[in-house]
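# Fold and contact review
Next come the chains, spelled out residue by residue.
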Amino acid sequence: MPPFDANKIFSVTEISFAIKEMLEGVLAGVSVEGEISNLKKASSGHIYFDLKDENALISAVLFKGYARGINLKEGDQIVVRGDLSCYIKQGRYQILAREVEVKTQGNLYLQFEKLKAKLSEEGLFDEDKKLPLPQFPSRIGVITSPTGAAVRDILSVLKRRGRNLEIIIAPTLVQGEGSKEQIVGALKNLQKLTPSVDVILLGRGGGSIEDLWSFNEEIVVRAVAASKIPVISCVGHETDFTLTDFAASLRAPTPSAAAELVVKNAEDTAEKLLNLNKILLNSLEIKYQRLKNRFELAANSKYLKEPHLFFDKKEQMLDDLKEILFIKTDNITRNKEHSLETATQRLKLLSPEATLKRGYAIVRRAATGEVVRSSLKGERLTVQTSYDNFEVETI
């Protein structure tokens, strides 16, 4: 590095590169011990965090090439080995970590896991105890800092996408002394309103585990679980988790995402109604066109212009049917007459007169006319032949 020239005017970039060269030249291969805070795992695979002790804090980055197999948690006490450097774009010095050794888990993380296990065992996080979100909320309560980015994000989304919404802000501290009591008080106050709010958004922007700790306090978690109104927890960024997330009716990854969820059902329903309206109009248009085509076809029909053509054809069909019916009736009559004649001939052949003509006679008692099958001696009988009748006496 060239000697420092006090008379030269440096650009910001030149100064930043000079600092970078000094840091990397003097503090290469340094080992630093501290507690992890504000841990972020990027989708790229890189891990960003702050390393702190009681009096100071330094940024660190563990690039994905060195991060494989390493599982870091907020609050872990670790030893980092790497190079000190300067991130020129932000003018911030940081440790480029190559190795990480976990010494102990941080005190806050241990508190988090202990309280989580306790409340879970009590059933505060059970799914069947969570209240369903309203389909079409009209009054929305928001518990957050009145000056933070979270309230601006929430209001921006609700005003842009919501319609006829009444938004009630319950301003509170979201970190530090007195914040947990204010959050619990805001939850209780919103539930006393008449008419009541339909849903409550509870959250803040991102931060370290210390910054978000108010949402891990037992009295806050219990107040969320006991709420008679559905609560959406929206604390920090997508990678941040607090105990209120488990106790709430729903966890949203960010405050703006919570606002999106609140109005989503109403938007979806409005979109469905719009689509149904389009389908109905299309159906009516198709029906109208069909009826119109049928009307035009009928109006241009030759039968409408010359209706006698229609009746002439029907009369012709009727004549044809009459002729067919006549032929069928005549055939049926002829068949019946033939059958009758045949039956008459059979009857004549089987009649008594026909039998007598063949040489038979009928014998009856003269007194009664009864046909004789057996007779008594001296009884007078009448004999009938085909030619004559005469009386005889048995001997």
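### Here we look at the overall build of the protein
When its secondary structure is counted, the protein shows 11 helices and 13 strands. A total of 395 residues make up the protein; the buried ones form 31% of that total. Approximately 26000 Å² of the protein is accessible, and the part contributed by carbon and sulfur atoms is 56%.

### Focus: the sheet that holds strand 10 (residues 250-251)
The strands that make up a sheet pair up through hydrogen bonds in the backbone, lying either parallel or antiparallel. If you walk across this open sheet you meet the five strands as 7-6-8-9-10, and the pairing is parallel. Each edge of the open sheet is held by one strand with a lone partner, namely strand 7 (166-171) and strand 10. The pairing of strand 6 (residues 139-144) with strand 7 spans six bridges and is classified as parallel. Considered in strand 7, the bridge of I143 is made with A170.

### Examining the layout of surface pockets
What the largest pocket holds in volume is close to 420 Å³. Every residue lining the largest pocket is counted, 19 residues in all, and those nearest its centre are L39, E74, T239, D240 and F241. Every element with two or more residues in the lining of the largest pocket is listed here: strand 1 (30-41) and helix 3 (107-122). Taken together, the residues of the lining of the largest pocket sort by class into seven nonpolar, seven polar and five charged.

### Considerations on the side chain of S59
Tracing the sequence through the fold places S59 in strand 3 (residues 57-62). Accessibility expressed as a relative area gives 11% for S59, which makes it buried. Apart from the residues lying within four places of it in its own chain, the contact partners of S59 are F49, D50, R92, Y93, Q94 and I95.

### Here we look at the packing of helix 3 against helix 6 (residues 218-226)
Their axes nearest at 12 Å, the elements helix 3 and helix 6 cross at an angle of 30°. Compared by their axis directions, helix 3 and helix 6 come out roughly parallel. Crossing of helix 3 against helix 6: the hand is right-handed. From helix 3, L115, K118, L119 and E122 reach across to helix 6, where they touch E218, V221 and R222. Here the residues of the contact of helix 3 with helix 6 sort into three nonpolar, no polar and four charged.

### A few points about helix 6
Those residues of helix 6 that fall on the buried side of the exposure criterion are V220, V221, A223 and V224. Viewed end-on, helix 6 has its buried residues packed into an arc of 160°, placing them on one side of the element. For helix 6, the secondary structure elements touched by its buried residues are helix 3, helix 5 (179-192), strand 8 (199-204), strand 9 (231-235) and helix 7 (243-247).

### Digging into the nonpolar core
Ranked by internal contacts, the top residues of the largest apolar core, which has 32 residues, are I143, L187, I200, L202, V224 and V231. Listing elements by their share of this core, those giving two or more residues are helix 3, strand 7, helix 5, strand 8, helix 6, strand 9 and helix 7. It is helix 5 that contributes the most residues to this core, five residues altogether. Apart from residues lying up to four places away in sequence, V224 is in contact with L187, L202, V231, T244, A247 and A248. With 18 residues, the next largest nonpolar core counts L23, V80, I95 and A97 among its residues.

### What about a nonpolar patch on the surface?
Where nonpolar side chains cluster on the molecular surface, the patch consists of F10, I15, I19 and M22 and spans about 320 Å² of accessible area. The topology assignment puts M22 in helix 1 (residues 12-26).

### Regarding the pattern of salt bridges
Applying the stated criterion to the full structure yields 14 salt bridges. Between R160 and E260 there is a salt bridge; the shortest N-O distance is 3.7 Å. Placement of the pair is R160 in helix 4 (residues 149-161) and E260 in helix 8 (residues 255-299), with a sequence separation of 100 residues. Among the ionic pairs, R161 bridges to E260, the shortest N-O distance being 1.6 Å. Of the two residues, R161 is situated in helix 4 and E260 in helix 8; the sequence distance between them amounts to 99 residues. Its relative accessible area of 27% is what places R161 among the partly exposed residues. Judged by relative accessible area, which is 25%, E260 ranks as partly exposed. Each of K118, E122, E218 and R222 takes part in one network of salt bridges that share partners.

### Examining the packing of aromatic side chains
One pass over the structure, following the stated rule, counts two aromatic pairs. An angle of 40° between the planes, with centres 5.7 Å apart, marks the rings of F125 and F246 as tilted. With a gap of 121 residues between them, F125 in the loop between helix 3 and strand 6 and F246 in helix 7 connect regions that are remote in the sequence. With relative accessibility at 25%, the residue F246 sits in the partly exposed group. Ring pairing ties together the aromatic residues F125, F241 and F246, which thus form one cluster. We note R251 situated over the ring of F241; from NZ or CZ to the ring centre the distance is 3.9 Å.

About the thresholds
Residues numbered from 1 in each chain as written. Predicted model: local features only at pLDDT ≥ 70, side-chain atom pairs only at ≥ 80, totals over all residues. Heavy atoms only, no water. Helix = DSSP H or I, 4+ residues; strand = E, 2+ residues; numbered from the N terminus. Buried < 20%, exposed > 50% of the residue type's maximum accessible area, 1.4 Å probe, protein only. Areas by Shrake-Rupley, 256 points an atom, 1.4 Å probe, with all protein chains shown as cover. Pairing = 2+ DSSP bridges. 1 Å grid on protein atoms, 1.4 Å probe; cavity = no way out; pocket = protein on both sides within 12 Å on 5 of 7 lines; lining within 4 Å. Points joined across faces, edges and corners; volume = space filled by probe spheres on them. Nonpolar A, V, L, I, M, F, W, Y, C, P; charged D, E, K, R; others polar. Contact = heavy atoms within 4.5 Å. Axes fitted to C-alpha atoms, helices over the stretch in contact; angles between N-to-C directions. Parallel < 35°, antiparallel > 145°, perpendicular 65-115°, else oblique. Left-handed = near helix turned anticlockwise from the far one by under 90°. Arc of directions from axis to C-beta. Core = buried A, V, L, I, M, F, W, Y, C linked by side-chain atoms within 4.5 Å. Patch = residues over 30% accessible without salt bridge, like charges linked within 9 Å, V, L, I, M, F, W, Y side chains within 5 Å. Salt bridge = Lys/Arg side-chain N within 4 Å of Asp/Glu carboxyl O. Phe/Tyr/Trp six-rings, centres within 6.5 Å; stacked < 30°, edge-to-face > 60°. Lys NZ or Arg CZ within 6 Å of the ring centre and 35° of its normal.

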